[in-house]
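Reading the structure
What follows is the residue order along each chain.
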Amino acid sequence: MNGLNLPIQYLKGVGPKKANLLKKLGIQTVKDALYYLPSQYEDRRNKKNIFDIKPGEIVTVEGHIVQINEIKTKTNLSIIEAIISDATGYLMAKWFNQLYLKKILKTKQKIKIFGKAQIDWSGNYIEIVNPEYEIVENSNHQNHEIVPVYRVTQGLSQRQIQSIMKVAVEFAIPFIEEYLPEKILKKLNLPYLNESLKSIHFPPKDSDVKSLNEKNSLFHKRIIFDELFLLQLGILMMKQSRLIEKGISFNPEGKLLRKFLENLPFKLTNAQQRVITEILQDMKKPTPMNRLLQGDVGSGKTVVALAAMLAAIECGYQAALMAPTEILAEQHYLNIYSMLKGLPVNVLIYTSTHNKHANLIASGDANLVVGTHALIQEDVHFKNLGFVVIDEQHRFGVIQRAMLKKKGLNPDTLVMTATPIPRTMALTVYGDLDYSVLDELPKGRKPILTKVIEPQNKKIIYKMIEEEIKSGGQVYVVYPLIEESEAMDLKSATQGYEGLQKLFPQYRVGLLHGKMPSRQREDIMKEFRNGRINILVATTVIEVGVDVPNATLMIITHAERFGLAQLHQLRGRVGRGDRPSKCILLPYKLTEEAKLRLKAIVNYSDGFRIAEEDMKIRGPGELFGVKQSGMPDLKVADLIRDQSLLEIARKEAESLLKENSALNSHPKIRILLEEFWKDRTEIFMTA
Ligand code: ADP
Ligand code: MG
């Protein structure tokens, strides 16, 4: 057995009791311990003469113990006091409730202590409470004057874990084999793995503590690189294996597509043209396409998807588009239906409420099926599904994606998202997907004027509503709705609706939420779309995808309750036509964080920029659904912080695979790769 796999319990000085505590920290083997990196470092090189110490300073002091006292307080607290002297003065070290120190500390001993100096309550002398200490003659961490600090758990002290680490690291280092080719190490100027691990736990005396604490020392870099390298290698290998899978090679003559483009009431943007070309080229290949299309809200993803679906249909295959909500599916259906008027394509909608015509899907009569999750139910069969589109992909899990694909035989897949995601992140989070981006909005889009208006100024808002409608526009009034307070949220939406009806008897006000029967919902959407409803009060059901170009004013009530990405999506419902649009944010209770969010949405319109702000406010993990993506856990690397290293790791992984696609000549890398990915490869393979 490799010593790295030794259960930590059997390490000298550990035993079952401490092993149990270590388990809580995720440490079960020696290897786990080795990769349990210090959360910070204490710089004890700042040794001071007692005479020079100022209260408030964090210092290291070396001296002799002159006297030791044990004190019991009235509240039954025990205190060990030690008077320590160096050549320049005396100070008092105090330890609360650590009676065992009686056995360790002795007078005349030479001791080094570390901690924050303060004036004692009498004002007479300097004291340090609960300092870290080191008996200088028989110290555990002898000359390591930069001391690692680990995250601990109750029952396990800092001192204990430090000495466990000392033993663990010493034990483990000889088992560490270098697996990266010398060539890569040289090129990137990275230290060896064993040296890096050792130094991360016990940094050399002359290390830069700041870079250690910021986790960008050379040693950290090496460890982070390893993780990113294995991550990218795995992803790239999956991509390789997909490339030898057999898919459909679509070679349409192009008639259908040409006719469709001729019928469009607008010209494609350059970005749309470019992306359609990318997709059609990919569809020609005999391997299954797996492509992510990212485009900001309103960038025109639907047309792109439709063009691709038509190519598949012309080749005799069925195409399916899956949307996350019923409302969105209905809208896509109506929209696509009207865009395809006059073309020989049968469009069908299939959702949990429109579920009568599964037979048309099975017979192949339906060429293009638009639907929701209902499409992936067992009783839905396609005759020959060749192309799959997933809209707003962040709303679907990996499994659902895979299930729709399984309805066909290695169909080409296009997943679409409006969530802006840096390229390197996309490459990672979406695994082995290829990537297209619509980085241009259709011409003539006017910026949406966004403003915060306080509730006490509601009158201004009423006036804006009136003016907007008079000049021919339509209005959304959005209410938040979350599951936890659903009943109350629905009530306030309904009350808002009733209030607006009273205020504007001359106009038609509609109410839309997810709890209504779908027939009713459809009717309302239809009426709003064709302009018979002037004001639509809605919950967040309209958040994604809804497209009514004549809607030009949006009021978001309780704007403080929405996330930044959500606000951006919502606002994207207006500004879709030629008329200038406005978005009014109506906050009630503003926290500091909510203020930052509203400020960002007022100041920025670009989705990438907004995502950046979101990242600053919330941290990256939340934003990109890294957790749901089925990726291995990263222990040290951070996909945002370490982006540039990620890029480098990807390049190195690529060039290694180019030389040796199965890694036959790198057995050590293969072993680590399998260890790193464990059972996760399968999810990725099918996604
Ligand atoms: P999203 O990318 O947010 O899904 P949609 O596909 O819903 O965007 O498109 C938004 C609106 O822009 C739709 O009304 C669509 O018809 C329109 N549109 C798409 N492409 C163009 C274009 N090239 N020029 C003008 N309008 C366009
Ligand atoms: Mg869309």
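Here the structure is a predicted model, which is why all the values come from computation and not from measurement. (Residues numbered from 1 in each chain as written. Chains lettered and ligands numbered in written order. Predicted model: local features only at pLDDT ≥ 70, side-chain atom pairs only at ≥ 80, totals over all residues. Heavy atoms only, no water.)

1. Some details on the sheet that holds strand 11 (residues 347-350)
- Reading across from one edge, 11-12-10-13-14-9-15 is the order of the 7 strands in this open sheet, with parallel pairing throughout. Every other strand in the sheet has two partners, leaving strand 11 and strand 15 (434-438) as the edge strands with one partner each. The sheet shows a mean angle of 20° between the axes of neighbouring strands, direction not considered.
- In this sheet, strand 14 (residues 412-417) lies alongside strand 9 (residues 290-295) in parallel orientation, the contact comprising 5 bridges. The residue bridging Gln 294 from the neighbouring strand is Thr 417, located in strand 14. (Pairing = 2+ DSSP bridges. Helix = DSSP H or I, 4+ residues; strand = E, 2+ residues; numbered from the N terminus. Axes fitted to C-alpha atoms, helices over the stretch in contact; angles between N-to-C directions.)

2. Quick look at the sheet that holds strand 20 (residues 551-557)
- Reading across the sheet, the 6 strands line up as 16-21-20-17-19-18 and stay open at both edges, with parallel pairing between neighbours. Each edge of the sheet is formed by a strand with only one pairing partner; in this case those strands are strand 16 (449-452) and strand 18 (509-512). Pairs of neighbouring strands in the sheet enclose a mean axial angle of 15°, with direction left out of account.
- The pairing of strand 17 (residues 474-478) with strand 20 spans 5 bridges and is classified as parallel. Following the sheet pairing, Gln 474 is matched in strand 20 by Ala 551.

3. Focus: unusual backbone geometry
- With phi around 50°, Asn 97 is a residue other than glycine that occupies positive phi space.
- Backbone geometry places Asn 130, a non-glycine residue, at a positive phi of 45°.
- With respect to the element layout, Asn 130 can be found in the loop between strand 6 (126-129) and strand 7 (132-135).
- Looking at Asn 130, the relative accessible area reads 38%, which means it is partly exposed. (Buried < 20%, exposed > 50% of the residue type's maximum accessible area, 1.4 Å probe, protein only.)

4. Quick word on the nonpolar core
- With 65 residues, the main nonpolar core has Leu 22, Leu 228, Phe 229 and Leu 233 as its most contacted residues.
- The contacts of Leu 233, once residues within four sequence positions are left out, are Ala 653, Leu 656, Leu 657, Leu 663, Ile 669 and Leu 673.
- Among the nonpolar cores identified, the runner-up in size contains 43 residues, and Ile 279, Ala 323, Leu 343 and Val 370 belong to it. (Core = buried A, V, L, I, M, F, W, Y, C linked by side-chain atoms within 4.5 Å. Contact = heavy atoms within 4.5 Å.)

5. Some remarks on the pattern of salt bridges
- Counted according to the given criterion, the structure contains 30 salt bridges.
- Here Lys 183 and Glu 659 are joined by a salt bridge, their closest N and O atoms 3.1 Å apart. In this pair, Lys 183 sits in helix 5 (residues 182-188) while Glu 659 sits in helix 23 (residues 643-659), placing the two residues 476 residues apart along the sequence. For the pair formed by Lys 183 and Glu 659, the shared burial category is exposed.
- A salt bridge links Arg 579 to Glu 468, with the shortest nitrogen-to-oxygen separation between them at 3.2 Å. Placement of Arg 579 in the loop between helix 19 (564-571) and strand 21 (582-586) and of Glu 468 in helix 16 (residues 458-470) is noted, with a sequence separation of 111 residues between them.
- Taking relative accessible area as the criterion, Arg 579 reaches 26% and is therefore assigned partly exposed.
- On the basis of relative accessibility, which here comes to 6%, the residue Glu 468 falls in the buried class. (Salt bridge = Lys/Arg side-chain N within 4 Å of Asp/Glu carboxyl O.)

6. Points about the side chain of Gln 318
- Tracing the backbone shows Gln 318 in strand 10 (residues 318-322).
- A distance of 2.9 Å separates the side chain of Gln 318 from the backbone oxygen of Ala 366, its partner in a polar contact.
- Not counting residues within four places of it along the chain, the set of residues in contact with Gln 318 comprises Leu 360, Ile 361, Gly 364, Ala 366, Asn 367, Phe 382, Lys 383, Asn 384, Leu 385, Gly 386 and Phe 387. (Polar contact = N/O pair within 3.5 Å; in protein donor to acceptor, adjacent residues only side chain to side chain.)

7. Quick word on helix 23
- Counted at 1.5 Å a residue, the expected span for helix 23 with its 17 residues is 24 Å, and the 25 Å between its end C-alpha atoms agrees.
- The set of residues buried in helix 23 consists of Leu 645, Leu 646, Ala 649, Arg 650, Glu 652, Ala 653, Leu 656 and Leu 657. (Expected span 1.5 Å × (residues − 1).)

8. A look at the confidence of the model for the chain
- Per-residue confidence for the chain gives a mean pLDDT of 87; residues scoring 70 or more make up 92%.
- A low-confidence stretch, residues 683-687 stays under pLDDT 50, and its non-local contacts, those more than four residues away or across chains, total 20 contacts. (pLDDT = per-residue confidence, 0-100.)

9. Details of the packing of helix 11 (residues 301-314) against helix 12 (residues 326-339)
- The contact between helix 11 and helix 12 brings their axes to 12 Å, and the two run at 60°. Here helix 12 runs oblique to helix 11, going by the angle between their axes. The crossing of helix 11 and helix 12 is right-handed. Along the contact surface, helix 11 presents Thr 302, Val 303, Leu 306 and Met 309, while helix 12 presents His 332, Ile 336 and Met 339.
- Looking at the contact of helix 11 with helix 12 residue by residue, the classes come out as 5 nonpolar, 2 polar and no charged. (Parallel < 35°, antiparallel > 145°, perpendicular 65-115°, else oblique. Left-handed = near helix turned anticlockwise from the far one by under 90°. Nonpolar A, V, L, I, M, F, W, Y, C, P; charged D, E, K, R; others polar.)

10. Observations concerning the site of ligand 1
- What surrounds ligand 1 is a group of 16 residues, the closest being Lys 267, Gly 298, Thr 302, Arg 445 and Asp 547.
- Contacts to ligand 1 include Gln 272, whose side-chain N or O atom sits 2.9 Å from a nitrogen atom.
- At a separation of 2.6 Å, an oxygen atom of ligand 1 approaches a polar side-chain atom of Thr 302.
- Protein contact buries 88% of the 570 Å² of open area that ligand 1 shows by itself.
- Considering only residue class, the shell around ligand 1 consists of 4 nonpolar, 6 polar and 6 charged. (Near = heavy atom within 4 Å. Areas by Shrake-Rupley, 256 points an atom, 1.4 Å probe, with all protein chains shown as cover.)

11. Quick notes on the packing of aromatic side chains
- Evaluation of the coordinates by the stated rule reveals 10 aromatic pairs.
- Ring geometry for Tyr 333 versus Tyr 337: centroids 5.8 Å apart, planes at 40°, classification tilted. In this pair, Tyr 333 and Tyr 337 both sit in helix 12, 4 residues apart, roughly one turn of the helix.
- Between Tyr 462 and Phe 504, the aromatic rings sit 6.5 Å apart at their centres with planes inclined by 75°, giving edge-to-face as the arrangement. Here Tyr 462, found in helix 16, pairs with Phe 504, found in the loop between helix 17 (486-503) and strand 18; they are 42 residues apart in sequence, far enough to count as distant.
- On the accessibility criterion, Tyr 462 (27% relative accessible area) is partly exposed.
- Geometry around Phe 202 places Lys 166 over its ring, the cationic atom sitting 4.8 Å from the centre.
- For Arg 609, the ring lying beneath its charged end belongs to Tyr 604, and the centroid distance is 4.2 Å. (Phe/Tyr/Trp six-rings, centres within 6.5 Å; stacked < 30°, edge-to-face > 60°. Lys NZ or Arg CZ within 6 Å of the ring centre and 35° of its normal.)

12. Concerning the domain arrangement of the chain
- Segmenting the chain into domains produces domain 1 (45-140), domain 2 (255-438) and domain 3 (448-604).
- Taking only C-alpha atoms into account, the centre of domain 1 sits 64 Å from that of domain 3. (Domains from an automatic or database assignment.)

13. Structural notes on the pairing of strand 12 (residues 368-371)
- Side chains Leu 368 and Val 370 of strand 12 all project onto a buried face; the interleaved residues Val 369 and Gly 371 project onto the opposite face, where all are buried too.
- Two strands pair when backbone bridges link them, and strand 10 and strand 12 are joined in this way by 4 bridges, in the parallel orientation. Residue pairing for strand 12: Ala 319 is matched across the bridge by Leu 368.
- Bridge analysis of strand 11 against strand 12 gives 4 bridges, and the strand direction is parallel. Bridge pairing links Ile 349 to Val 370 in strand 12.
- Handedness of the crossover joining strand 11 and strand 12 through helix 13 (residues 358-363): right-handed. (Right-handed = clockwise from strand over helix to strand, strands pointing away.)

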